[in-house]
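Listed here are the chains, written in short residue letters.
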Amino acid sequence: MDLGIKGRVALVTGAGGGIGREVALALAGAGARVMACDINEETLSQTCSMLDGDHAMSVRDLAGVSECEALVRETVERFGRLDILVNVAAILLRVPIEEVTETMWDRLMEVNLKSQFFLCREACRVMARQRWGRIVNFTSQGGFTGGFATSTVYAISKGGVITLTKSFARAYADKGICVNAVAPGGIDTEMMRLPPEELEKFRAMIPMGRLGRPDELAGVVLFLSSEWASYVTGATIDVTGGQMMR
C-alpha cells in the first residue's frame, strides 16, 4: 500500500520513547527518512537503533526558540528537505492549581506550546518552498475538557495546540501544507503512571475499558502524513478509546 511517504523526510520530536518512538518507527517503516529528536540522548539512541533506512538523531531541549530553529535547519542540511513534522514532545507536571509556580507554568508552556509554534513556523518556511508538507501536532483530550485538577496547566497548553493547529492550517493551506492534530486519551506511557486506584478510576471512564497503546497512534499519524490526507487540514483527530466523543 503506497501512502506517498517513501523517500519523504520526517522530523519527529519526543522520539526517545512512548508515542514519539512508535511514530518514528512507523514513518521509517513506510520509507521515510527520519530525523529523531529528544532531550534524552540514551533513549533517543535506543530509538535510532530500531529505525530502518536513512535516519539521524538530534538531542535538544526545545524550550528555546533558537533550538527549534536549529533543529529544522539541521534536518534540512542533513537530508536536503523537510516534508513531515510531527510534534510529540511534551511534559506533564501533576500539580494542584494552588501549587503551580511561575517556573512550572513557563516550563510547560515552553515545551508543550511554544516549541510547537516555532517548529511549525520554521517547517512551514521550508515546506512552502516545496509546495508540499504535512504537520501533525499532538494535543490531548484535556485540551477540550480542561483536564483533571492536577493537570490544569498541561491542559491549557494543549488547548493552545488545538488553536495553533487551526491557525497554521488556515495560513498555509494555499501552500500545499496540511496541518492537523491528534488528541490522545489515556495512553500507556510514562505520563499515565498513576497510583493503582487512580488509574482504575481513569480506566473505568473509557468505553473500551483499557488504555491505548503508543503504536495505536502511529497509524493515525501515517494517514495524516500521507498523500491520502491531501484534503484534510485544521482537523483534530480523537484517539481516546471512546472517552472523548464529539
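Residues numbered from 1 in each chain as written. Predicted model: local features only at pLDDT ≥ 70, side-chain atom pairs only at ≥ 80, totals over all residues. Heavy atoms only, no water.

Tell me about the overall build of the protein chain, and please be specific about residues and values.
Helix and strand counts for the protein chain come out as 8 helices and 7 strands. In terms of overall size, the protein chain behaves like a compact globule, its C-alpha atoms giving a radius of gyration of 17 Å where 246 residues would be expected to give roughly 18 Å. A principal-axis box enclosing the C-alpha atoms of the protein chain has dimensions of 50 × 40 × 35 Å. By the burial criterion, 50% of the 246 residues in the protein chain qualify as buried. Residue pairs at least 24 apart in sequence account for 71% of intrachain contacts in the protein chain once pairs closer than 6 positions are excluded. When the accessible surface of the protein chain is summed, it comes to about 11,100 Å², and 54% of that surface belongs to carbon and sulfur atoms. (Helix = DSSP H or I, 4+ residues; strand = E, 2+ residues; numbered from the N terminus. Rg over C-alpha atoms; globule rule 2.2 N^0.38 Å. Buried < 20%, exposed > 50% of the residue type's maximum accessible area, 1.4 Å probe, protein only. Contact = heavy atoms within 4.5 Å. Areas by Shrake-Rupley, 256 points an atom, 1.4 Å probe, with all protein chains shown as cover.)

Describe the sheet that holds strand 1 (residues 9–13), listing the residues and the values that go with them.
The sheet built from 7 strands is open, its strands ordered 3-2-1-4-5-6-7 with parallel pairing. Each edge of the open sheet is held by one strand with a lone partner, namely strand 3 (55–59) and strand 7 (236–239). Direction aside, neighbouring strands of the sheet carry axes that sit 15° apart on average. As defined by bridge partners, strand 5 (residues 133–138) adjoins strand 6 (residues 177–184) across 6 bridges and the pair is classed as parallel. Bridging from a neighbouring strand, N137 pairs with A181 of strand 6. (Pairing = 2+ DSSP bridges. Axes fitted to C-alpha atoms, helices over the stretch in contact; angles between N-to-C directions.)

Before we move on, could you go through the state of the cysteines and cite the residues and values that matter?
For the structure on display, the rule yields 0 disulfides. Residue C37 stays outside any disulfide, its sulfur separated by 8.6 Å from that of C68, the closest cysteine. Lacking any disulfide linkage, C48 is separated from the closest cysteine sulfur, that of C37, by 10 Å. Overall, the relative accessible area of 10% leaves C48 in the buried class. (Disulfide = S-S within 2.5 Å.)

How would you explain the nonpolar core if you had to name every residue and give the values?
In terms of nonpolar packing, the biggest core is built from 32 residues, with V12, L27, V34, V86, F138 and V182 touching the most fellow members. Put simply, the parts of the chain that give this core at least two residues each are strand 1, helix 1 (18–29), strand 2 (33–38), helix 2 (41–50), strand 4 (84–87), strand 5 and helix 8 (215–224). Apart from residues no more than four positions distant in its own chain, V34 is found in contact with A10, V12, A24, L27, A28, L51, D54, H55, A56 and F79. Within the second largest apolar cluster, 26 residues are counted, among which are F79, C120, M127 and A128. (Core = buried A, V, L, I, M, F, W, Y, C linked by side-chain atoms within 4.5 Å.)

Describe in detail the packing of helix 1 against helix 2, supporting the description with residues and values.
Relative to each other, helix 1 and helix 2 sit at 25°, their axes nearing to 10 Å. Viewed along their axes, helix 1 and helix 2 adopt a mutual orientation that is roughly parallel. Judged by the sense of rotation from one axis to the other, the crossing of helix 1 with helix 2 is right-handed. Between helix 1 and helix 2, the residues in contact are R21, A24 and L25 and T43, Q46, T47 and M50, respectively. Considered class by class, the residues forming the contact of helix 1 with helix 2 number 3 nonpolar, 3 polar and 1 charged. (Parallel < 35°, antiparallel > 145°, perpendicular 65-115°, else oblique. Left-handed = near helix turned anticlockwise from the far one by under 90°. Nonpolar A, V, L, I, M, F, W, Y, C, P; charged D, E, K, R; others polar.)

Describe in detail the pairing of strand 4, supporting the description with residues and values.
Taking every second residue as pointing to the same face, both faces of strand 4 are buried, with I84 and V86 on one and L85 and N87 on the other. As paired strands, strand 1 and strand 4 are joined by 3 bridges and run parallel to one another. Note that in strand 4 the partner of L11 across the bridge is L85. Of the pairings in the sheet, the one linking strand 4 to strand 5 comprises 4 bridges and is parallel in character. Counted as the bridge partner of N87 is N137 from strand 5. Handedness of the strand 4-helix 4 (residues 102–130)-strand 5 crossover: right-handed. (Right-handed = clockwise from strand over helix to strand, strands pointing away.)

Describe the pattern of salt bridges, naming the residues involved and giving the relevant values.
Pairs can form between side chains of opposite charge whenever their charged atoms are close. Scanning the model with the defined rule gives 16 salt bridges in all. Residue R8 is joined to D83 by a salt bridge in which the shortest nitrogen-to-oxygen separation is 3.6 Å. With R8 in the segment before strand 1 and D83 in the loop between helix 3 (65–79) and strand 4, this pair connects stretches of sequence that are 75 residues apart. For R203, the salt bridge identified is with E200, shortest N-O distance 2.7 Å. With R203 and E200 both in helix 7 (residues 196–204), this residue pair falls 3 residues apart, about one helical turn. Given the relative accessible area of 23%, R203 is considered partly exposed. (Salt bridge = Lys/Arg side-chain N within 4 Å of Asp/Glu carboxyl O.)

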